[in-house]
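# Observations on the model geometry
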Amino acid sequence: MCASKAFSPSSEPAPTTVASFYRFTDVAAPAALRDELAARCRALNLRGTLLIAHEGLNATLAGAAADISTLVELLETLPGCDDLRVARAQTSRNPFRRLKVRVRSEIVTLGQPGIAPRQQTGRHVAPREWDALLADPRVVVLDTRNDYESRIGHFERAVAPPIGHFREFPRYVAEHFGATRPPVAMYCTGGIRCEKASAWLLAQGFDEVYQLNGGILRYLAETPPRDSRWHGDCFVFDERVAVDASLGTADYEQCPGCRRPVGAADRMAPGYEHGVSCPACHGTLSPARRRACRERARQVALAGERATVHLGAVMPR
């Protein structure tokens, strides 16, 4: 008597691969490339976000491992995109609800015209060398992420600028460094913000600029927890919200009111309303915004009861 396929280990759903990558390179026709890559991603059943600009590509996509590899092989045939550095992680289900392939003026918004990371960036350092920089008192360690990201995790000795968006980074540097130009080591989630920020710092006269190659995600993937100088969790721009030091999904949800990660302690504090607000934004939401968030939460709950997916369940990147 043959065994039922329902009980066969091979019938278990295959894990989903989440792939993050970027490349600064000249893109002559972003709209045409968008159309081509959107069609290819749909054919491969990939979800996530792919941004295209004249300055390059920036993506976090999820799907079957073989399909991710097929797309990467295609992208590596594009001018300037050979040997893409792709950070991969495995999850039990796809953390994205849909596919978004968009043309933007910048693949990561700094708002400083004339910066060309493809021509000049800071020195890329691997995790072991990064740890040596963290131990060097001469070096200013800068977190280039938003304040709501650094709040839940950071490297030891790092300075976390109180910025709500990457485009505020140049203002912070101007206000806090003045005419001084110390050695600077920067990090971000996957490396793209450091890539652009380091190019800008070099243009401002900083001579000694370093960036963590592959960002926090590569550091966590390559560094045993016992040796890690990372403290806390790492915010990610998908349904997982944050990952822990082992790159597993951490215990956070994302606040619809302000996009901040909401942890267990936040959910017990006054001002938290599931699907609406967190303690940080509870008193700042307008009545109209609060009504909209409550309606959205109601629609998400109804979709869950019907065993369907509400596409608004994940905040946009």
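Not measured: the values here are computed from a predicted model. (Residues numbered from 1 in each chain as written. Predicted model: local features only at pLDDT ≥ 70, side-chain atom pairs only at ≥ 80, totals over all residues. Heavy atoms only, no water.)

### Let's talk about the overall build of the chain
Helix and strand counts for the chain come out as 9 helices and 15 strands. Whereas a compact globule of 317 residues would reach a radius of gyration of roughly 20 Å, the chain reaches 21 Å, a difference of no more than 12%. Structurally, the chain occupies a C-alpha span of about 75 × 50 × 45 Å along its principal axes. For the chain, buried positions account for 46% of its 317 residues. Counting only contacts in the chain whose residues sit at least 6 apart along the sequence, the fraction spanning at least 24 positions is 65%. Taking the 41 positively charged and 35 negatively charged side chains of the chain as two groups, their mean positions are separated by 6 Å. (Helix = DSSP H or I, 4+ residues; strand = E, 2+ residues; numbered from the N terminus. Rg over C-alpha atoms; globule rule 2.2 N^0.38 Å. Buried < 20%, exposed > 50% of the residue type's maximum accessible area, 1.4 Å probe, protein only. Contact = heavy atoms within 4.5 Å. Lys, Arg positive; Asp, Glu negative; His and termini not counted. Charge placed at Lys NZ, Arg CZ, Asp CG, Glu CD.)

### Concerning the confidence of the model for the chain
When pLDDT is averaged along the chain, the result is 90; 92% of the residues meet or exceed 70. Overall, residues 1-10 carries pLDDT values under 50, and its contacts beyond four positions in sequence, including any with other chains, amount to 2 contacts. (pLDDT = per-residue confidence, 0-100.)

### As for helix H3 (residues 127-134)
Think of an α-helix as 3.6 residues a turn; residues three or four steps apart then line up on the same face. Every buried residue of H3 is accounted for by Pro127, Trp130, Asp131, Leu133 and Leu134. Seen from one end, H3 has its buried residues packed into an arc of 155 degrees, which puts them on one side. (Arc of directions from axis to C-beta.)

### Side note on the state of the cysteines
In total, this model carries 0 disulfides according to the counting rule given. Cys81 carries a free sulfur, and the closest cysteine sulfur to it, the one in Cys41, is 13 Å from it. (Disulfide = S-S within 2.5 Å.)

### Brief notes about unusual backbone geometry
Across residues other than glycine, the phi torsion is negative in most instances, and most of the peptide bonds are trans. Within the chain, Asp83 stands out as a residue other than glycine whose phi angle is a positive 55 degrees. Tracing the backbone shows Asp83 in the loop between helix H2 (65-75) and strand E4 (87-91). The phi torsion at Val241 lies on the positive side, around 70 degrees, for a residue other than glycine. Secondary-structure assignment places Val241 in the loop between strand E12 (234-235) and strand E13 (242-243). Look at Val241 and you get buried, because its relative accessible area is 4%.

### Examining helix H1 (residues 30-43)
The terminal C-alpha atoms of H1 lie 20 Å apart, and with 14 residues this matches the ideal 20 Å at 1.5 Å per residue to within 8%. For H1, every residue scored as buried is listed here: Pro30, Leu33, Leu37, Ala38 and Cys41. Seen along its axis, H1 keeps its buried residues to an arc of 130 degrees; they face one direction. Relative to its buried face, H1 has exposed residues pointing more than 90 degrees away, namely Arg42 and Ala43. For H1, the elements touching its buried residues are strand E2 (47-53), strand E3 (56-63), H2 and strand E5 (99-103). (Expected span 1.5 Å × (residues − 1).)

### Here's the deal with the pairing of E2
E2 sits mainly inside the fold: 6 of its 7 residues count as buried. Judged from the 7 bridges that link them, E2 and E3 form a sheet pairing that is antiparallel. Directly across from Arg47, in E3, lies its bridge partner Ala62. Where E2 folds back onto E3 in an antiparallel hairpin, the turn is made up of 2 residues. (Pairing = 2+ DSSP bridges.)

### With respect to the packing of H1 against H2
Where H1 meets H2, the closest approach of the two axes is 10 Å, and the angle between their N-to-C directions is 160 degrees. Comparing the axis directions of H1 and H2 gives the class roughly antiparallel. Considering how the two elements wind past one another, H1 and H2 form a crossing that is right-handed. Contacts between H1 and H2 involve Glu36, Leu37, Arg40 and Cys41 from the first element and Leu71, Leu74 and Leu75 from the second. Of the residues in the contact of H1 with H2, the class split is 5 nonpolar, no polar and 2 charged. (Axes fitted to C-alpha atoms, helices over the stretch in contact; angles between N-to-C directions. Parallel < 35°, antiparallel > 145°, perpendicular 65-115°, else oblique. Left-handed = near helix turned anticlockwise from the far one by under 90°. Nonpolar A, V, L, I, M, F, W, Y, C, P; charged D, E, K, R; others polar.)

### Considering the pairing of E3
When you tally the buried positions in E3, you get 8 out of 8 residues, the bulk of the element. Residues Gly56, Asn58, Thr60 and Ala62 line one face of E3 and the alternating positions Leu57, Ala59, Leu61 and Gly63 line the opposite face, and both faces are buried. As judged from the 8 bridges shared by strand E1 (residues 16-24) and E3, these two strands associate in the antiparallel manner. Its bridge partner lying in E3, Val18 is registered against Ala62.

### Overview of the sheet that holds strand E6 (residues 123-125)
Spatially, the 4 strands line up as an open sheet ordered E6-E10-E9-E7, and their pairing is parallel. Only two strands of the sheet have a single partner each, and these edge strands are E6 and strand E7 (140-143). Within this sheet the neighbouring strands show an average axis-to-axis angle of 30 degrees, counted without direction. In this sheet, strand E9 (residues 184-187) lies alongside E7 in parallel orientation, the contact comprising 4 bridges.

### Considering the nonpolar core
Phe169, Val173, Met186 and Leu201 are the most contacted members of the largest nonpolar core, which totals 26 residues. Of all elements in the fold, only E1, helix H5 (169-177), E9 and helix H6 (192-203) reach the threshold of two or more residues within this core. Sequence-distant contacts of Val173, that is, excluding residues within four places in its chain, are made with Gly178, Trp200, Leu201 and Phe206. Residues Cys41, Leu46, Val72 and Leu84 belong to the second largest nonpolar core, which totals 23 residues. (Core = buried A, V, L, I, M, F, W, Y, C linked by side-chain atoms within 4.5 Å.)

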